[in-house]
Every structure is written in structure tokens, then in C-alpha cells.
Amino acid sequence: MNKELRTFFHTALGVWGGPARASDVFARQHGFDDAAAFTAWRQELMAQMEAGTALSLAAL
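Because the structure is predicted, anything quoted here is derived from the model rather than measured.

Draft legend 1. Here's a closer look at the overall build of the protein. Of regular secondary structure, the protein possesses three helices and zero strands. Considering only C-alpha atoms, the protein reaches an extent of 30 × 25 × 15 Å along its principal axes. Here the analysis covers contacts within the protein between residues at least 6 apart in sequence; of these, 50% occur between residues at least 24 apart.

Printed below as a string of C-alpha cells:
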């Protein structure tokens, strides 16, 4: 994943953890059981990105 794409996803994931919190409906429409499951995935992915872990698009 290149730097620009990493920055884009980090920003988008930050928004979903802030004022645009995901609802259960949103989470289910995107393949998660509920908003809590989406939030857990989002937090883990952000931690991996902040640590500089190599990611593929499949991880997203």
C-alpha cells in the first residue's frame, strides 16, 4: 500500500471513529455483525497502520 493510500485510509478510519460513528445498520451493510465489531476492526487496522505494518488491500 503506498503512502497516499495509507494516508487516505487512516483519515477515513479516523472519521468513522469520531463524529461519523458507524451505526449497526452501516456496519451490517459492510459485512460486520454490528457497530462494535466494525469499531474493533477499525481500531485494530488503525493500530497496524500507525505501527507501519505492511498491509494489502485484502486487509481492508
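Draft legend 2. Spatial organisation of the side chain of R42. Following the sequence through the fold, R42 ends up in helix α3 (residues 35-50). As a buried residue without a salt bridge, R42 has its nearest oppositely charged side chain in E50, at a separation of 7.8 Å. Leaving out residues up to four positions away in the same chain, R42 has contacts with L13, W16 and G17.

Draft legend 3. Up close: α3. Between its terminal C-alpha atoms α3 stretches 22 Å, which fits the 22 Å expected from 16 residues at 1.5 Å a residue. What α3 keeps buried is the set A35, F38, R42, L45, M46 and M49. Taken around the axis of α3, the buried residues stretch over an arc of 100°, which confines them to a single face. If you check the start of α3, you find a side-chain oxygen 3.2 Å away from the backbone N of A36, and it comes from D34. Of the residues trailing α3, G52 is marked for its positive phi of about 80°.

Cut-offs and rules
Residues numbered from 1 in each chain as written. Predicted model: local features only at pLDDT ≥ 70, side-chain atom pairs only at ≥ 80, totals over all residues. Heavy atoms only, no water. Helix = DSSP H or I, 4+ residues; strand = E, 2+ residues; numbered from the N terminus. Contact = heavy atoms within 4.5 Å. Buried < 20%, exposed > 50% of the residue type's maximum accessible area, 1.4 Å probe, protein only. Lys, Arg positive; Asp, Glu negative; His and termini not counted. Salt bridge = Lys/Arg side-chain N within 4 Å of Asp/Glu carboxyl O. Expected span 1.5 Å × (residues − 1). Arc of directions from axis to C-beta. Polar contact = N/O pair within 3.5 Å; in protein donor to acceptor, adjacent residues only side chain to side chain.

Any functional reading would require information beyond the geometric quantities listed.
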